[in-house]
Each structure stands twice: as C-alpha cells, then as structure tokens.
Amino acid sequence: MPANLTPEYFKAERWYRSAASTEEKILALERMLAVMPKHKGTDHLKADLRHKLSKLKEAATKKKGGKQQDVFHVPRGGSGQIALIGTPNSGKSSIVAALTNAKANVAEFPFATSVPVPGMMTFEGVAIQIVDMPPVTAEFVAPGQVGTYRNCDLIGIVIDLSAEPVEQMRVVLDFLESRSLLMDRETPAVDEHGNLLGKRVFVICTKADLASEGAFEKFRDKWGKRFEAVKVSAETGEGMEELGGFLFKQLRIIRIYAKPPGKKPDMDDPFTLPAGSTVMDMAEAIHRELAEKLRFARIWGTGVYDGQNAQRNHVLCDRDIIELHFN
Ligand SMILES: Nc1nc2c(ncn2[C@@H]2O[C@H](COP(=O)(O)OP(=O)(O)O)[C@@H](O)[C@H]2O)c(=O)[nH]1
Ligand SMILES: [Mg+2]
C-alpha cells in the first residue's frame, strides 16, 4: 500500500467496498481516482483502478440490455436509508418531493406510486436517503414491498392527520407486525437464531394544515409511548425544516470529522458512525488494516479538553474532531 493516501481516499474506498450496485461502484471508483494524491507512488494503484473502472462500465452497459432487476431492491446510499410507509394518499410522496431531489409522484389519486423511489437529502453534511413507497391497504400490498423494508435502516410511518389516524395506524402496524418488520419496546422481532428482523419505526403526522385542532396531541396520547412522532405539513411547510434534524436523530448516528495531523479538519464532510462508536471504530472506518497500527488519537469535542489524548476504546460524541496517530 503506498504511503500518504488520505482519509478522503480511504473513505471513498470504503464506499466502493460497500457499494451495492455496479452503478454505485463506478461512482465510488471515480471518487477514489479524483481524490488520490498524484505522484509516482500512486501510479500503479491508479492504473489498477482505471482498469477496474473500465471493466465495471462495460458490465453496466451490458446489463442494461439484460435481464430485469428487482425494482423493490433499493441499494442503500448515504449514511442511512429511511423507507416510508402509509395508506394511499397519506402524503408520502409529498414528503419525499419536499425533502429530496427525487421526482416523487404526488397525486390526488391513490396508487400513483407503484415502485420505490429513492431520494437523497442532506442534513448538516450528512446524506440521508428517503424512499417513497407504494401504499399499503388492508387488502393490497405490492409484491416485493416487504423486501424494501427488510433492507432499510429505519421505517417512517406517514399518517394523514386529517383522516382517521387510528385506522391508518391499524393497517400499517398490521402489515409490519405480520411480517416481523416492527421493533419497539413492546415488540422485539427476532428470527429463530435471535437475529433482529424488525426495524425501528417512527411517525410523521402530515397534512397538519387540514387537521382539526388537537389532532396531533390526540395521536401522541395514543401512540407516543411506542413511537416518536412529529407534525408537519408538506403544503404550508410547517415543521418541514425541523424534519431534517428529527430524521437525523432517528438514525442514531454521530458525525465525526477527521483531522490530518497539523492540518485543519474537513468540516463539510463528516464520517458517520453508529452512536456509541469508539476511536477504534473510527480508525476502522477510515481504513481497516491501518486501524491495527493506531497508536493514539487526539480529540476536540464533547467531554474532553481540546486536543486531549484518547485511547482506542474512548467513546466518541456527535461532532467530535479526531486526529489519528499511527505507528
Ligand atoms: N393540504 C395538504 N395536502 C397534502 C399534504 N401532503 C399531501 N397532500 C395532498 O394529498 C394528496 C396525496 O399526496 P401524496 O403525497 O401523493 O400521497 P401518497 O399517496 O401517500 O404518496 C395530494 O393531492 C397532495 O397534494 C399536506 O401537507 N397538506
Ligand atoms: Mg405516493
């Protein structure tokens, strides 16, 4: 491994290794090539990556004419994937359209959305993927839909506050519970080996502009203990600004900024790790093999004095800045 590859490079490399599709692999490789330091020591690696890239591009063009892919498999992107769920017309597509770059299909008629549509939003430098979904009803669920939910990090129930929230919750929870997709304090969902199947779930109560006075409070009285809930309106924009922070909180991740020794940290492009991650987890996120050579870290942030030395098992906090020192 040539020396002086940067954290940025290793980040792109990690993206490449975790990429779920050929298209995503291509993007990651291009990123690796773009951020690679340019000098003699990297010539070999560069040639190697270019070779891989052209192979992948070839495969991608071939595949286009080939067999169809499962449209319900949505490759994960960003620091977390949130799949929405709700009954027809509850307001799912409007939320995805308001938050992300995706062309979600907002419509007055039900079943306008027939396949998952992923969109990407950013909250304070963190990319969060939101997936618009076909509706669920008591009678009909699109085949394949379960697969999308099985694969996501978090499920957001979208409730139309102006129309029978109790009935909507019944339909949605029926769907999730009957497929072991729901996890909360009352419902741990595990398979026979004890693996978790269920997802954490929260609720977005929308159409606040149409709802009757006190509808949200009533909803929270009934469901608040099991599910965190927010109130928004895609129409007036009420609550939409706070929604980004709420979604970030639901993902339970922390932002960590890498600082090369003697340089300023890149505050625009944090690494994201599960809450509770340690210095060693961060080192592994940058580069698995390099992590074993970690000698110590210096941290600027919460619960430490500036530049404090920290051991491998030190638990990091959201927004910490970390400088890693290797052997
Ligand atoms: N007044 C109001 N209408 C909304 C709001 N959100 C969605 N709608 C309307 O409700 C209908 C269904 O919305 P859509 O997002 O397509 O619902 P979906 O079927 O769950 O994806 C459309 O006519 C939207 O314009 C909202 O917050 N307020
Ligand atoms: Mg829709």
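On a predicted model such as this, the values are computed, not experimentally measured, just so you know.

(A) Molecular detail of the overall build of the protein chain. Scanning the protein chain for helices and strands turns up 10 helices and 12 strands. Taken along its principal axes, the extent of the C-alpha atoms in the protein chain is 65 × 55 × 45 Å. Residues classed as buried in the protein chain amount to 35% of the 327 residues present. Here the contacts in the protein chain between residues at least 6 apart in sequence split such that 60% fall between residues at least 24 apart.

(B) Focus on the site of ligand 1. The immediate surroundings of ligand 1 are formed by 21 residues, with Gly91, Lys92, Ser93, Ser94 and Glu235 found nearest. The element best represented in the shell around ligand 1 is helix α4 (residues 92-99), accounting for three residues.

(C) Summary view of the nonpolar core. Ala83, Leu84, Val131 and Val172 are the most contacted members of the largest nonpolar core, which has 69 residues in total. For this core, the element with the highest residue contribution is helix α6 (residues 165-178), accounting for six residues.

(D) Highlighting unusual backbone geometry. Within the chain, Glu164 stands out as a residue other than glycine whose phi angle is a positive 45°. Structurally, the position occupied by Glu164 is in the loop between β4 (154-160) and α6. Note on Glu164: 13 C-beta atoms within 10 Å, which makes it partly exposed. One non-glycine residue, Arg252, lies in the positive phi region at around 50°. Here Arg252 is to be found in the loop between α8 (240-251) and β8 (253-258). Assessed through the 13 C-beta atoms surrounding it within 10 Å, Arg252 is described here as partly exposed.

(E) Fine view of helix α9 (residues 279-286). Among the residues of α9, Val279, Met282, Ala283 and Ile286 are the ones counted as buried. Along the axis of α9, the buried positions cluster into a sector of 100°, meaning they face one direction only.

(F) Main features of the sheet that holds strand β11 (residues 308-310). Reading across from one edge, β9-β8-β12-β10-β11 is the order of the five strands in this open sheet, with mixed pairing throughout. Strands at the two margins of the open sheet, each flanked by one partner only, are β9 (271-274) and β11. On average, each strand axis in the sheet is tilted by 40° relative to the strand beside it, whichever way the strands run. In this sheet, β9 lies alongside β8 in antiparallel orientation, the contact comprising four bridges.

(G) Local environment of α4. Within α4, seven of the eight residues are buried, which leaves the element mostly enclosed by the surrounding structure. Listed in full, the buried residues belonging to α4 are Lys92, Ser93, Ser94, Ile95, Val96, Ala98 and Leu99. Against the buried residues of α4 lie β1 (81-85), β2 (117-123), β3 (126-132), β4, β6 (199-206) and α8.

(H) Spatial organisation of the environment of Thr148. Examined against the element boundaries, Thr148 turns out to sit in helix α5 (residues 145-151). Sequence separation of Thr148 and Pro75 is 73 residues, and the distance between their C-alpha atoms is 9.3 Å. Residues within four places of Thr148 in sequence aside, it is in contact with Phe72, Val74, Ala83, Pro116, Val131 and Met133.

(I) Quick peek at the environment of Val115. Within the element layout of this structure, Val115 appears in the loop between α4 and β2. By C-beta crowding, Val115 is classed as partly exposed, having 15 other C-beta atoms within 10 Å. As for Val115 and Val131, which are separated by 16 residues in sequence, their C-alpha atoms are 9.9 Å apart. With sequence-adjacent residues up to four places away left out, Val115 is seen in contact with Val71 and Pro134.

(J) Structural view of the environment of Thr87. You can see Thr87 is positioned in the loop between β1 and α4. Taking the C-alpha atoms as reference points, Thr87 and Val172, separated by 85 residues in sequence, lie 7.2 Å from one another. Dropping the residues within four chain positions of it, Thr87 is found in contact with Pro135, Val136, Thr137, Gln168, Val171 and Val172.

(K) Highlighting the pairing of β2. Pairing analysis gives seven bridges linking β2 to β3, with the strands arranged antiparallel. Within β3, the position partnered with Met120 by the bridge is Gln129. Where β2 hands over to β3, the hairpin turn is made up of two residues, of which Glu124 adopts a positive phi near 45°.

About the criteria used
Residues numbered from 1 in each chain as written. Chains lettered and ligands numbered in written order. Predicted model: local features only at pLDDT ≥ 70, side-chain atom pairs only at ≥ 80, totals over all residues. Helix = DSSP H or I, 4+ residues; strand = E, 2+ residues; numbered from the N terminus. Buried ≥ 20, exposed ≤ 12 C-beta atoms within 10 Å, placed from the backbone. Contact = placed C-beta atoms within 7 Å. Near = placed C-beta within 6 Å. Core = buried A, V, L, I, M, F, W, Y, C linked by C-beta atoms within 7 Å. Arc of directions from axis to C-beta. Pairing = 2+ DSSP bridges. Axes fitted to C-alpha atoms, helices over the stretch in contact; angles between N-to-C directions.

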